[in-house]
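Below are the chains, spelled out letter by letter.
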Amino acid sequence: MRLIFSGTADPADVRLAMEVHRACTAETVAAFLPTFSDHDRATALAALAEVPALVAVGDADRLCPVEHSRAIADALPLAELAVYPGVGHMVQLERRPEVSRRLLDLVDRALARAPESVDVTP
């Protein structure tokens, strides 16, 4: 789990991630792996160019380093980049309250940009 968590991660979060990982079938993993080389990331990002976004990254992320996250944020004009010191790839677990606050802010930004004709009531 050192690949996705920092050394200070809550053991309960590590266990949760391990349970999810173990629940993935070999078929799921086999189907997912080719996307690493086949997926056209630039085209996918272009589709999000007019949407507010949050790119959250830990500065100890070994899978998607800060430089990669910065490139993602740079490709999205409405993106906010949030770098969390001492955090690994599972930033949403390691910094749950902070990331949740930023996600709520993101929802507010998205709603402020939504056309008035869009009904956003639950």
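Here's what I pulled together on the structure shown here. Going along each chain's sequence as written, the residues are numbered from 1 onward. Thresholds applied to this predicted model are a pLDDT of at least 70 for local features of residues and 80 or more for the giving and counting of side-chain atom pairs; totals over whole chains, interfaces and linings are not thresholded and use all residues. Heavy atoms throughout the structure, all of them, feed into the side-chain values; hydrogens and water do not.

1. Considering the pattern of salt bridges
A pair can form between side chains of opposite charge whenever their charged atoms are brought close.
Moving on, step 1. Salt bridge criterion: a side-chain nitrogen from Lys or Arg within 4 Å of a carboxyl oxygen from Asp or Glu. Enumeration over the complete set of coordinates arrives at 3 salt bridges.
Moving on, step 2. Across the salt bridge formed by Arg-102 and Glu-80, the nearest N and O atoms sit 2.2 Å from each other. Of the two residues, Arg-102 is situated in helix H7 (residues 96-113) and Glu-80 in strand S2 (residues 79-84); the sequence distance between them amounts to 22 residues.
Moving on, step 3. Arg-109 is the partner of Glu-80 in a salt bridge, and the nearest nitrogen-oxygen pair spans 3.8 Å. Here the residue Glu-80 occupies a position in strand S2, and Arg-109 occupies one in helix H7, the gap between them amounting to 29 residues.
Moving on, step 4. Glu-80 gets classed as partly exposed once you look at its relative accessible area, which sits at 24%.
Moving on, step 5. Within the structure, one salt-bridge network assembled from shared partners comprises Glu-80, Arg-102 and Arg-109. For helices the rule is a DSSP run of H or I covering at least 4 residues; for strands it is a run of E covering at least 2, with both sets numbered from the N terminus onward. Accessibility here uses a 1.4 Å probe with only protein chains present; expressed as a share of the type maximum, an area under 20% marks a residue as buried, one over 50% as exposed, and anything in between as partly exposed.

2. A word on the pairing of strand S1 (residues 53-58)
Moving on, step 1. Along S1, 5 of the 6 residues are buried, which leaves the element largely enclosed by surrounding structure.
Moving on, step 2. Across 6 bridges, the pairing between S1 and S2 is parallel. Considered in S2, the bridge of Gly-58 is made with Tyr-84.
Moving on, step 3. Between the parallel pair S1 and S2, the chain is carried across by helix H5 (residues 66-75), and the sense of this crossover is right-handed. Whether two strands pair depends on DSSP finding at least two bridges between them. Whether a crossover is right-handed comes down to one check: with the strands pointing away from the viewer, does the path from the first strand over the helix to the second run clockwise; if it does, it is right-handed.

Function-wise, these values are silent; they only describe arrangement.
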